[in-house]
Amino acid sequence: MNIGIVGAGIVGRLLAWTLATQNHKVTLFDKTSADDDSTASFVAAGMLAPYAELESGETKIFEMAKDAVPRWQSILSKFRTAIELQPTGSLLLAKPNETAELQHFINRAKRMQVSLKMIGGQGIGKLEPELAEQLFTGIYLPEEAFLDTHQIMHALADNIRMLPILWHENTEVISIKNKTVKGDTFNTKFDQVFDCRGLGASNDLPQLRGVRGEIIWLQAKDVSITRPVRVLHPRYAIYIVPRKDNVYLVGATQIESDDCSPISVLSALELLSACYSLHPGFAEARIIKTQTQCRPAFPDHLPKIIANKDCIHVNGLFRHGYLLAPKIVSAAIAYCMKEAKGESMAQ
Ligand SMILES: Cc1cc2nc3c(=O)[nH]c(=O)nc-3n(C[C@H](O)[C@H](O)[C@H](O)COP(=O)(O)OP(=O)(O)OC[C@H]3O[C@@H](n4cnc5c(N)ncnc54)[C@H](O)[C@@H]3O)c2cc1C
């Protein structure tokens, strides 16, 4: 098939690469350049954390995401360059007098037939020696993992360039109608079009909204943490995700807004003080940069594949873009191929 894909975020790139490896003719459009790191897919921390969804009661996401790690491992094994997925598990921590949230989490997990138990300083110290003394109680989630999102986005770009995919960078699409992609200087008809514009599709998907997230990049020479750590707190819940060279991403706020302006003072204060209370070594950390982006979300926070006469929209990945992209991309391709064969399918 001759397929157009609008939007080269994690969903659009994974779709383009997968379809081209299946011998389809693929044209990709994005209004930014391939290495513009300001888009949501670059800004994301890259946690593959299905269990985190139990905390907020997103049980459908938990079910959908259980095989996210093996799906990513299979994708990465086909890349020409070695990319690391870190299967380290993650830690969920709370101060001993604030363990109600941890208990709540354990109870939710139990209802999903997942058995978890609390660990104290000694158990935490075995996993993260520098956190042993901080008087936290925690839960270890061994099946979680994380990726370096910049590494994945660049690797996908490299692998896409090795295939005969036409990639129009810095090319804004104005409309997608009747499988025709229109911009200022082009109007191209395809056999099928996938709309993967994230929040850029909100004019065509009126229920789509932005959920603002702010993240701080720190370089902390005095801190050595090897896996994602989430701190549960009634007001200042944070996560810390390691990158190489003692760099840590501290995130992330979740604010009902599609405002992508720079981080607010309040958010910065809350994220940084929660991070310092996790590990005093963050006191001398250097703030490398701050980033803000908006997660594309539908009212039920579930991703959707919406097909109509114009295109197939793949959107609403909310805070689960990396967690769910492999699954949603393969479901979208399966839908497209069945539709092309004329098989009727429920939406
Ligand atoms: C702070 C933060 C932390 C996050 N952490 C995680 C995490 O740890 N794990 C996880 O799984 N998810 C995380 N997410 C969520 C993740 O970033 C999103 O779910 C994901 O980026 C959605 O991917 P997408 O490809 O659908 O959309 P996007 O990443 O938004 O990509 C859309 C693309 O479409 C392009 N585009 C838009 N309009 C047009 C147009 N008119 N013409 C041409 N191109 C257009 C844009 O330039 C962009 O490249 C996080 C998000 C934020 C903000």
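Heads up: the structure comes first, above all this text.
The paragraphs below set out a description of the structure included in this document. (Residues numbered from 1 in each chain as written. Predicted model: local features only at pLDDT ≥ 70, side-chain atom pairs only at ≥ 80, totals over all residues.)

1. Observations concerning the overall build of the chain
Which entries qualify depends on this criterion: Counting from the N terminus, the helices are the DSSP runs of H or I reaching at least four residues and the strands are the DSSP runs of E reaching at least two. Radius of gyration here is computed from C-alpha atoms only, and the compact-globule reference equals 2.2 Å multiplied by the residue count raised to the power 0.38. Each residue is classed by its C-beta neighbour count within 10 Å, where at least 20 other C-beta atoms makes it buried, 12 or fewer makes it exposed, and intermediate counts make it partly exposed; the C-beta atoms are placed from backbone geometry. Any pair of residues counts as being in contact when their C-beta atoms, constructed from backbone geometry, are within 7 Å of one another.
Within the chain one finds 10 helices and 21 strands. A compact globule built from 347 residues would reach a C-alpha radius of gyration of about 20 Å, and the chain, at 21 Å, matches this within 12%. In the chain, which comprises 347 residues, the share counted as buried stands at 44%. A sequence separation of at least 24 residues applies to 72% of the contacts in the chain between residues at least 6 apart.

2. Quick look at the sheet that holds strand S2 (residues 25–29)
Stated formally: At least two bridges found by DSSP between two strands is the condition for calling them paired. Fitting a line to C-alpha atoms yields each axis, with helices limited to the stretch in contact; the angle taken between N-to-C directions then spans 0 to 180 degrees.
Read from one edge of the open sheet, six strands run S9-S2-S1-S13-S21-S20, paired in mixed fashion. Either end of the sheet is taken by a strand with one partner, and the two such strands are strand S9 (166–168) and strand S20 (304–307). The average angle at which neighbouring strand axes cross in this sheet is 15°, direction not considered. Where S2 meets S9, three bridges bridge the pair, whose relative direction is parallel. Bridging from a neighbouring strand, Phe29 pairs with His168 of S9. Across the face of the sheet, helix H1 (residues 10–21) comes into contact with strand S1 (2–6), S2, strand S13 (192–195) and strand S21 (312–315) while running at roughly 165° to S2. Contacting S13, S20 and S21, helix H10 (residues 321–340) runs over the sheet at an angle of about 20° to S20.

3. Points about unusual backbone geometry
Cis geometry marks the peptide bond from Gly251 to Ala252, where omega comes out at -25°. Position of Ala252 relative to the elements: it lies in the loop between strand S17 (247–251) and strand S18 (255–256). Here Lys179, not a glycine, exhibits a phi torsion of approximately 60°, which is positive. Inspection of the secondary structure assignment puts Lys179 in the loop between strand S10 (175–177) and strand S11 (180–182). According to the C-beta neighbour criterion, Lys179 is partly exposed, with 18 such atoms within 10 Å. Positioned with a positive phi, Phe318 is a non-glycine residue whose angle comes to about 45°. Relative to the helices and strands, Phe318 is located in the loop between S21 and H10. For Phe318, a count of 21 C-beta atoms within 10 Å gives the class buried.

4. A few points about the packing of helix H5 (residues 68–77) against H10
Angle between the axes and distance between the axes: these two values describe a pair of packed helices. Under the convention used in this document: Any angle from 65 to 115 degrees is called roughly perpendicular, while one under 35 is roughly parallel, one over 145 is roughly antiparallel, and all others are oblique. In this classification, the charged set is Asp, Glu, Lys and Arg, the nonpolar set is Ala, Val, Leu, Ile, Met, Phe, Trp, Tyr, Cys and Pro, and all remaining amino acids, among them Gly, are polar.
The geometry of H5 relative to H10 is characterised by a closest axis approach of 9 Å and an angle of 70° between their N-to-C directions. Taken together, the axes of H5 and H10 lie roughly perpendicular to each other. The segment H5 lies against H10, with Ala68, Arg71, Trp72 and Ile75 engaging Leu323, Pro326 and Lys327. Of the residues contributing to the contact of H5 with H10, the split by class is five nonpolar, no polar and two charged.

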